[in-house]
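Listed here are the chains, written in short residue letters.
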Amino acid sequence: MTEPRRPLSPLELEQLALDEPGAPRHRLDDPAVAQQVEALRDENRTFVAGRDLRQDAAALARALSPAPPRPARRWRWALAPAALACAAAVWLALPLVTDPTGRPAVRTKGQSTLVAYHVTAGGQRAIGPDTVLGPGDEVRLGLTVDRAAHVVLVSVDGRRGLTVHLPRDGAGSVLYLPGPVERLHEAFVLDDAPGFERFFLVRRPEPFLVAPVIAQVSAWAERTPAPARDPLLLDGYDVTDLVVAKTGAGGPR
Amino acid sequence: MNDGHGPPAAIDVEALYARYAPMVFRRCKALLGHEQEAEDLLQDVFVNVLRALPRLSDRGLSSLMYTTATRLCLNRLAKHGRKYEVSQGDDIDRFAVLDEPAPSWLRVYAHQVLGTVETSTRVMAVLHFVDGMTLQQVADATGMSVSGVRKRLRQLKARAETLETTPGPRQQGGQDD
């Protein structure tokens, strides 16, 4: 006589519906369980289809961002000279930021880190400045942000072609929260475009559409004399970049 | 999301929300019995979980979302002086297959008993007695040892038995931890 099976808890059913690691997949051989799981999946799809996920994620980011501390009332006048000095500094800095030949190659307000890994049969190795890759080499990207930020990740190659790496699909930026370096799910294979692949992590505190960013980066890539090293300045966005050297045409120019 | 080992790294919040929000919403709705209240609590659950992420080890995210939703719902019910009611559709017989004898007192005394203990114990009680999770599963979900869970539930049962033999008005409202 066989032991009656323990009924699955609601959490186990949810884990099966989510296909989570550790979910009791062997129980899917029971048609009743399989039916319950399928019903949950249907419900999940309906729920997601009926929501504005971007709006939900943005509301979540707002809830997670601590409100900046307000100075006590008695200190406000004391801070006025400092505020004026800051305003003057910003005014003085503006021409540098908007100058296409401006000195800083990367404009960073917050701290973003972009890392590229060379994927080989033996594992993944962070790509350093001396690494030169070739067509067919596999690369995986990692990134981290120091505060909640909406990001888009694109790259420009030696033929001035543009690739969007993040978002994987969809028209909008992706919200990231601080943490250790996050590797993107998918690696990609380098093509035969010569010299370099340069990655740009474009970020802003608010959500934004991908299309205008692509348009600006494409226009920049078309006209800039040295896309491997010229600064990319996007008005209203912070940009962090990373160059991966490739064989052909003498490396990055 | 990360690759499954160690603490999660930076999070694609939109993807996280798309994946887990339906489950969290369903859980909140089941415990609170109101769609709008479940909607209100949805964001709180994610905020709680995302704030805890840097401290997490290998606990599964679905389990954490589910347990957090349970805790926040029970807190909310306690705050508003409401009771968690086992619905008529719940199958009391399933308790019989768990690690403990079927707690026939549960339906009658649930709110009196659960109202007098700390939130973490309430969460364990609901996961075990209502959801039918084993002690091991409750331990995994709450980050406690099996013996710790067993001890808490035994204390809860003892308290229930005391209440059962002591008729009269029950004290409402427990501690939140």
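Analysis parameters
- Residues numbered from 1 in each chain as written.
- Chains lettered and ligands numbered in written order.
- Predicted model: local features only at pLDDT ≥ 70, side-chain atom pairs only at ≥ 80, totals over all residues.
- Helix = DSSP H or I, 4+ residues; strand = E, 2+ residues; numbered from the N terminus.
- Buried ≥ 20, exposed ≤ 12 C-beta atoms within 10 Å, placed from the backbone.
- Contact = placed C-beta atoms within 7 Å.
- Core = buried A, V, L, I, M, F, W, Y, C linked by C-beta atoms within 7 Å.
- Nonpolar A, V, L, I, M, F, W, Y, C, P; charged D, E, K, R; others polar.
- Pairing = 2+ DSSP bridges.
- pLDDT = per-residue confidence, 0-100.

(A) Local environment of the overall build of chain B. Along its length, chain B carries 7 helices and 0 strands. Taken from N to C terminus, the helices and strands of chain B fall in the order α-α-α-α-α-α-α. Classification of the 177 residues of chain B by burial places 41% in the buried group.

(B) Looking closely at the environment of A:Leu60. Considering the arrangement of structural elements, one finds A:Leu60 in helix H3 (residues 53-64). Using a count of 23 C-beta atoms within 10 Å as the deciding quantity, one classes A:Leu60 as buried. Spatially, the C-alpha atoms of A:Leu60 and A:Leu175 are 9.9 Å apart, while their sequence positions differ by 115 residues. With sequence-adjacent residues up to four places away left out, A:Leu60 is seen in contact with B:Val13, B:Tyr17, B:Gln43, B:Phe46 and B:Val47.

(C) Main features of unusual backbone geometry. All names here are of chain A. In this structure, Pro167 follows Leu166 across a cis peptide bond, with omega equal to 5 degrees. Mapped onto the elements, Pro167 comes out in the loop between strand S6 (162-166) and strand S7 (174-176). Positive phi values are uncommon outside glycine, yet Asp19 reaches one of about 55 degrees. Within the fold, Asp19 resides in the loop between helix H1 (10-18) and helix H2 (31-49). Of note in the backbone geometry, Arg160 takes a positive phi value of approximately 65 degrees without being a glycine. When you line up the elements, Arg160 lands in the loop between strand S5 (149-157) and S6. Note on Arg160: 14 C-beta atoms within 10 Å, which makes it partly exposed.

(D) Inspection of the nonpolar core at higher detail. By size, the foremost hydrophobic cluster in this structure holds 79 residues, and its most contacted members are A:Val151, B:Val24, B:Cys28, B:Leu42, B:Val45, B:Met65 and B:Cys73. Looking at which element gives the most residues to this core, the answer is helix H1 (residues 13-32) of chain B, with 11 residues.

(E) Quick look at the interface of chain B and chain A. Listed by partner, the interface residues are 32 residues for chain B and 37 residues for chain A. Looking at the side of chain B that touches chain A, the elements that each hand over two or more residues are H1, helix H2 (35-52) and helix H3 (61-79) of chain B. Here the side of chain B that touches chain A is built from residues that sort into 18 nonpolar, 8 polar and 6 charged.

(F) Fine view of the pairing of strand S2 (residues 123-126) of chain A. Sheet analysis places strand S1 (residues 112-120) of chain A next to S2(A), joined by 4 bridges and oriented antiparallel. By the bridge assignment for S2(A), A:His118 is matched with A:Arg125.

(G) Here's a closer look at the pairing of S6(A). Residues and elements named next belong to chain A. Summarising the sheet, S5 and S6 pair through 4 bridges and their orientation is antiparallel. Following the sheet pairing, Ser155 is matched in S6 by Thr163. If you look at the hairpin formed by S5 and S6, you'll find 4 residues sitting between the two strands, and Arg160 has a positive phi there, around 65 degrees.

(H) Local environment of the confidence of the model for chain B. Residues and elements named next belong to chain B. Averaged over every residue, the pLDDT of chain B is 70; residues scoring 70 or more account for 60%. Model confidence for chain B, summarised as mean pLDDT per element, is weakest for helix H4 (residues 106-114) at 54 and strongest for H1 at 89. Counted against residues more than four places away or in other chains, residues 1-9, with its pLDDT under 50, gives 19 contacts. With pTM at 0.55, the complex prediction returns an ipTM value of 0.71.

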